[in-house]
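One-letter residues, chain by chain:
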Amino acid sequence: MAGKLKEATTTEIMSPASMMIEPSDIEIPRINVVQKTSEIDAPFGSIVVDKQFVIAEPETNVLAVPVSVTKGWREDIPYDDDEVPRIAYSQEERDSIAASSDYPMLEFADITLAIEKPEDTEVDAAFPFPIGDKFYALGRINVAKDAYRQTFKRLATFTLFNPETPPSTRYWNFASSVISRGKYSWYAPSLTFTDKNTSEAVQKFANNFAR
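Keep in mind that what you see is a predicted model, and the values were worked out from it rather than measured. (Residues numbered from 1 in each chain as written. Predicted model: local features only at pLDDT ≥ 70, side-chain atom pairs only at ≥ 80, totals over all residues. Heavy atoms only, no water.)

(A) Quick look at unusual backbone geometry. A positive phi angle is found at Asp 50, which is not glycine, with a value near 60°. Examined against the element boundaries, Asp 50 turns out to sit in the loop between strand S2 (47–49) and strand S3 (53–56). Unusually for a residue other than glycine, Lys 145 sits at a positive phi of about 55°. For Lys 145, the position within the fold is in the loop between strand S8 (134–144) and helix H3 (146–150). (Helix = DSSP H or I, 4+ residues; strand = E, 2+ residues; numbered from the N terminus.)

(B) Seen up close, the side chain of Ser 190. Position of Ser 190 relative to the elements: it lies in strand S10 (residues 184–197). Taking the relative accessible area as the measure of exposure, Ser 190 reaches 9% and is therefore buried. Not counting chain neighbours up to four residues away, the residues in contact with Ser 190 comprise Gln 150, Thr 151, Arg 154, Asn 173, Phe 174, Ala 175 and Ser 177. (Buried < 20%, exposed > 50% of the residue type's maximum accessible area, 1.4 Å probe, protein only. Contact = heavy atoms within 4.5 Å.)

(C) Structural detail: the nonpolar core. Among the nonpolar cores identified, the biggest contains 28 residues, and Ile 31, Ile 111, Leu 113, Ile 115 and Phe 174 are the most heavily contacted of them. For this core, the leading source of residues is strand S6 (residues 105–116), giving four residues. When near neighbours in sequence (up to four residues on either side) are disregarded, Phe 174 contacts Ile 31, Ile 47, Thr 60, Asn 61, Val 62, Ala 64, Leu 113, Ile 115, Ile 141, Pro 189, Ser 190 and Leu 191. (Core = buried A, V, L, I, M, F, W, Y, C linked by side-chain atoms within 4.5 Å.)

(D) Representation of the pairing of strand S9 (residues 170–181) within the structure. Judged from the three bridges that link them, strand S4 (residues 62–75) and S9 form a sheet pairing that is antiparallel. Its bridge partner being in S9, Leu 63 is matched across the sheet by Asn 173. Hairpin connection, S9 to S10: the antiparallel pair is bridged by two residues, and Gly 182 has positive phi, about 65°. (Pairing = 2+ DSSP bridges.)

(E) Spotlight on the sheet that holds S3. The three strands lie next to each other as S1-S2-S3, forming an open sheet whose pairing is antiparallel. Because the sheet does not close on itself, it has two edges, and the strands there are strand S1 (31–33) and S3. Looking at each pair of strands side by side, their axes are set apart by 35° on average, direction ignored. Looking at chain direction, S1 and S2 are connected through three bridges and run antiparallel. Across the sheet, Val 33 pairs through a bridge with Ile 47, a residue of S2. (Axes fitted to C-alpha atoms, helices over the stretch in contact; angles between N-to-C directions.)

(F) Fine view of the environment of Gly 45. With respect to the helices and strands, the residue Gly 45 is situated in the loop between S1 and S2. Note: C-alpha distance between Gly 45 and Val 34 (eleven residues apart in sequence) is 5.0 Å. When near neighbours in sequence (up to four residues on either side) are disregarded, Gly 45 contacts Val 33, Val 34, Pro 58, Ser 176 and Tyr 187.

(G) A look at the packing of aromatic side chains. One pass over the full model with this rule turns up seven aromatic pairs. Measuring from centroid to centroid gives 5.9 Å for Trp 172 and Phe 193, while their planes differ by 75°, and the two rings are edge-to-face. A residue pair is termed long-range when its members are at least 10 positions apart, and Trp 172 in strand S9 and Phe 193 in strand S10 qualify at 21 residues. Take Trp 172: its relative accessible area is 1%, and that puts it in the buried class. Taken together through their ring pairs, the aromatic side chains of Phe 158, Trp 172 and Phe 193 make up a single cluster. Looking at Arg 74, its charged tip hangs above the ring of Phe 108, at a distance of 4.8 Å from the centre. It is Lys 196 that lies over the ring of Tyr 171; its NZ or CZ is 5.0 Å from the centre. (Phe/Tyr/Trp six-rings, centres within 6.5 Å; stacked < 30°, edge-to-face > 60°. Lys NZ or Arg CZ within 6 Å of the ring centre and 35° of its normal.)

Below is the structure:
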């Protein structure tokens, strides 16, 4: 007599390890600083996640944790040009593109931030991710020129002078600030160091994300 098939008595729940989840598998919304020409329904200068949630008004700080930073170079092609810029993520690739390009090479960075939910926020849906005992928004911002100087270079300077202290161990003030040159003005993001330490849960999340 054939043996009976063993019936399942438990329900398997997939864990991150069993799913082999990597940072590249995660859908991370964009962070934008709204400009006069932006096609985003939000006030000029505000910080928006996923093109729908205003998480900070102009010149208003929110606490953020850098969890991933990638530097690169791209051809600085004018906006009204239909060409797609070539991108490099190493100095060797950058030099190779520059040797054959008609355009200057522009430094940029993709910075992924975990932004702590402010106590007075009215957009709870923008902060869906629990880390420790707080909720966070997760977003990625692409920075170049003034935005690059006010974000990536500050992170790089902090790292140079604090090689044993990852930027994710401290909270950073994340804000948009106005820049004016002549008759033109626009808003650029900035990251400013604080002396407030992040929690062990946040540091563990950042370490796992960066692997």
